[in-house]
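# Coordinates in review
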Amino acid sequence: MSRLAELLPFHAGDETVASYFSRLAAACGYESARAFAFHLQLQFHGLVAGREKDLETFAAVLDMPRSLLSPGVIVGDKSIYQLSGQQLSRHEIQRLRFRFCPFCVNEDESLCGGRRGFRAYGRLHWHVSAIRTCRRHGVHLVSSAELARSPFQHDFAANLAAEYPKIPEYIASAEAAKPDNLQTYVEKRMKGVKSGADWLDSLPLFVAIRLCEIVGASLLHGNLFRSSGFGNREWSASSGAGYDLLEGGEPAFRQYLESQVEEFHRGASSRGKRSIFGRLHYTLAHKTTEAAFDPIRDIVRDVAIDNLALAPGDEFFGPISTRRYHTIHSASKTHGIPFERLNKLLLDAGLLPSDSSSGGRKLIEAQAVDRIVRVMATTLNQQEVIAKLGVTRKQCRLLINGGLLKSSGEVRPRVGSRFIPRYLFENVTSLLESLRSAVNCPDMSGLHDLRTSIKRCRCTFVEAVDLIRSGKLSKVAWDESHIGLAALRVDPNEMRPLIVREHRGCVGSLRIGADDAVVEERSVFAH
């Protein structure tokens, strides 16, 4: 060990190499660490950045093994740093602004060895932003109000000298503070001590810190929080809250994300899909480019795909190729069906809860919605059937009971809901075409509409329709001024002898409707 090394001890594992070099420079009377480095023919910034060449030169000057300096080395000077075997990004490390505990540097002079006036040293953990409290003294760390001037950046002794007159004030105004649980976790991890948070341990430290801070701030201040007014106290509370949740691992993180989605579906947020996850999505999408955050992005993407109505062409940490879910809004827009009509159809089909109050954000499986839409495209409801066939509601019911119209069974109603049948468009048009094809007389003289003809023949509505479809009538005309069955014109005198009613195996009764003069037949085989 050289005489230079004997001036001051190096606090291996606690002090940074840059701090030790700076203290030696000041103890030797140099104005700055950079001036001392020039004298020793090495670069001070090389020590700050952990460059091997400068570290070896410094170790040779001290006449000590290079390995003794390793615990105090911070490697990196651009985006990712390595210290104590952990990775930190620029966001999680503080190097340009002088940061320290006033109580520690004040008591170092009496507790540490070496030349007096230069015993205070810069701790390695003071550079980690997530460590905000001095555990020994129970106070928040202090950061200088201004950035160090260029010649004195990273120069611990020079910066401490500039702050030294304010130390009594810092000590007098210090407020008691406890380390939050994230800080405790970070300190343990830097010492290689397991904390039990296995999922966080699987992430680089800077990812774990950033995630805990954002999740915690979202829990305490809303997921679109603004951190511009946050101080040590706010960040410490947020970090602790985030760690307490994420200590539960990936399942706890997924549950947190799902709760954000549930809040959106309840209508508590009017913002877009990406803002559901607030600052977390913004940070992952725009503020971080490191691949180390990809596992977090993948989880957020999975939760979004499983819980949001994302469509092909959407982007959510990668392109969306298939649609899993619809909301009524998205289905209405996609298929061009009015919102209220589609909402009623989905309610009747049991795809929405009867007390749904999510403002159209309730998720429905896309395949189920597509099936409903497909059925709608190929079927008609009873009102549409009545309009297309030109019949009354009673006549429509008679056609159904007579087996001439059959409901589609593709959409099953939910238990307890009113069944609203739909009828195949093909079935309705086929019935209409079969009647239209029976028309064989252009002259409507002496012919009457079905209502009049049925009344005179005293037959049922279905019997009259079947007779026309059979082709046995020689006079069937079509009045183009009417629609559907209302356009049919027949001769009741020709119909009367052709009406043959089979009584075997059935007992029937006839009732003539007073309003529409339609005869309704009720048979024991009708049910």
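In what follows, the structure referred to is the one given above.
Residues numbered from 1 in each chain as written. Predicted model: local features only at pLDDT ≥ 70, side-chain atom pairs only at ≥ 80, totals over all residues. Heavy atoms only, no water.

### With respect to helix 12 (residues 232–246)
For helix 12, with 15 residues, the first-to-last C-alpha span of 21 Å sits near the 21 Å given by 1.5 Å per residue. Turning to helix 12, the residues buried within the fold contact helix 9 (181–190), helix 10 (198–201), helix 11 (205–221) and helix 13 (250–265). (Helix = DSSP H or I, 4+ residues; strand = E, 2+ residues; numbered from the N terminus. Expected span 1.5 Å × (residues − 1). Contact = heavy atoms within 4.5 Å.)

### Quick word on the packing of aromatic side chains
Evaluated as defined, the whole model comprises 17 aromatic pairs. With a centroid separation of 5.7 Å and 70° between ring planes, the pair formed by Phe206 and Phe293 is classed as edge-to-face. Here the residue Phe206 occupies a position in helix 11, and Phe293 occupies one in the loop between helix 14 (278–287) and helix 15 (294–307), the gap between them amounting to 87 residues. Residue Phe206 is classed as buried on the basis of its relative accessible area of 2%. Taking relative accessible area as the criterion, Phe293 reaches 4% and is therefore assigned buried. Their ring planes at 15° and their centres at 6.1 Å tell us that Phe225 and Phe230 sit as a pair that is stacked. (Phe/Tyr/Trp six-rings, centres within 6.5 Å; stacked < 30°, edge-to-face > 60°. Buried < 20%, exposed > 50% of the residue type's maximum accessible area, 1.4 Å probe, protein only.)

### So, the nonpolar core
Of all hydrophobic cores here, the largest spans 52 residues; its most connected members are Val186, Leu200 and Phe253. Elements represented by at least two residues in this core include exactly strand 1 (80–83), helix 9, helix 10, helix 11, helix 12, helix 13, helix 14 and helix 15. Counting residues per element, this core draws most heavily on helix 11, which supplies ten residues. The contacts of Phe253, once residues within four sequence positions are left out, are Trp199, Leu211, Val215, Leu245, Leu246, Leu280, Ile296, Ile299 and Val300. (Core = buried A, V, L, I, M, F, W, Y, C linked by side-chain atoms within 4.5 Å.)

### Regarding the environment of Leu435
In this structure, Leu435 sits in helix 21 (residues 425–436). As for Leu435 and Gly484, which are separated by 49 residues in sequence, their C-alpha atoms are 8.9 Å apart. Discounting chain neighbours no more than four positions away, the residues touching Leu435 are Val465, Ile468, Arg469, Leu485 and Leu488.

### A word on the pairing of strand 1
Only one face of strand 1 is buried, namely the one carrying Tyr81 and Leu83, since none of Ile80 and Gln82 on the opposite face is buried. Sheet analysis places strand 1 next to strand 2 (residues 86–89), joined by four bridges and oriented antiparallel. Looking at strand 2, one finds that Leu83 is bridged to Gln86. What sits between strand 1 and strand 2 in their antiparallel hairpin is a turn of two residues, with Ser84 showing a positive phi close to 50°. (Pairing = 2+ DSSP bridges.)

### Here we look at helix 6 (residues 102–111)
Considered for burial, the residues of helix 6 that qualify are Pro102, Cys104, Val105 and Asp108. Among the structural elements, strand 3 (99–100), strand 4 (133–134), strand 6 (142–143), helix 7 (156–163) and helix 8 (167–173) are those in contact with the buried residues of helix 6.

### With respect to the pattern of salt bridges
Overall, the coordinates contain 16 salt bridges when judged by the stated rule. Salt-bridge contacts for Arg233 lead to Glu175; the nearest nitrogen and oxygen are separated by 2.8 Å. One end of the pair, Arg233, is in helix 12; the other, Glu175, is in the loop between helix 8 and helix 9, and 58 residues separate them in sequence. On the accessibility criterion, Arg233 (44% relative accessible area) is partly exposed. On the basis of relative accessible area, Glu175 is assigned to the exposed category, the value being 53%. Here Arg254 ties to Asp302 by a salt bridge, and the two come within 3.5 Å at their closest N and O atoms. Of this pair, Arg254 sits in helix 13 while Asp302 is found in helix 15, placing the two residues 48 residues apart along the sequence. Look at Asp302 and you get partly exposed, because its relative accessible area is 33%. Each member of the salt-bridge network shares a partner with another, and the members are Glu250, Arg254 and Asp302. (Salt bridge = Lys/Arg side-chain N within 4 Å of Asp/Glu carboxyl O.)

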